[in-house]
Amino acid sequence: MKNKLTYFIARSSMFGIGFFIIFQNAGKDAWISILLGTLLGVAILYIYNNIKKNLNNDTLENNLKKNFIGKIYNLIFILFYSYLMIIILML
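Here is a short report on the structure shown in this document. Here the structure is a predicted model, which is why all the values come from computation and not from measurement.

If you walk through the whole model with that rule in mind, you get 3 aromatic pairs. Measuring from ring centre to ring centre gives 4.8 Å for F77 and Y81, while their planes differ by 85°; the resulting arrangement is edge-to-face. Here F77 and its partner Y81 are both found in helix α4 (residues 68-90), 4 residues apart, which amounts to about one turn of the helix. Among the residues examined, F77 registers a relative accessible area of 39% and is labelled partly exposed. When its relative accessible area of 43% is taken as the criterion, Y81 is described as partly exposed. Between the aromatic rings of F80 and Y81, the centroid separation amounts to 5.8 Å while the plane-to-plane angle is 65°, which identifies the pairing as edge-to-face.

Here the focus is the environment of N63. Among the structural elements, N63 can be located in helix α3 (residues 60-66). Among residues more than four places away in sequence, those in contact with N63 are L55 and D58.

Another point: a nonpolar patch on the surface. Where nonpolar side chains cluster on the molecular surface, the patch consists of W31, I32, L35, L36 and L39 and spans about 530 Å² of accessible area. Within the secondary structure layout, I32 lies in helix α2 (residues 30-53). The partly exposed category is assigned to I32, whose relative accessible area is 36%.

Cut-offs used in this document
- Residues numbered from 1 in each chain as written.
- Predicted model: local features only at pLDDT ≥ 70, side-chain atom pairs only at ≥ 80, totals over all residues.
- Heavy atoms only, no water.
- Phe/Tyr/Trp six-rings, centres within 6.5 Å; stacked < 30°, edge-to-face > 60°.
- Helix = DSSP H or I, 4+ residues; strand = E, 2+ residues; numbered from the N terminus.
- Buried < 20%, exposed > 50% of the residue type's maximum accessible area, 1.4 Å probe, protein only.
- Contact = heavy atoms within 4.5 Å.
- Patch = residues over 30% accessible without salt bridge, like charges linked within 9 Å, V, L, I, M, F, W, Y side chains within 5 Å.
- Areas by Shrake-Rupley, 256 points an atom, 1.4 Å probe, with all protein chains shown as cover.
- Salt bridge = Lys/Arg side-chain N within 4 Å of Asp/Glu carboxyl O.

This is the structure we're talking about:
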């Protein structure tokens, strides 16, 4: 990771609200959701890192337009961002 400051700023600004909601709703079992969320986040970062390594000096945008997996990736990306917008609007 080249820009570590961005990671820590995003973590401190967003996850404080997320941890509060998790502890409020889950109570004593909040550690399970935090652990699963961390593992899921690490897995997504690992997959993204492997995709970036296999681009061979091509941009991600051009590579995603060319194949079927890219269209699935874009669909998941759109669903994720719409989910985040709904959560933010509900808060």
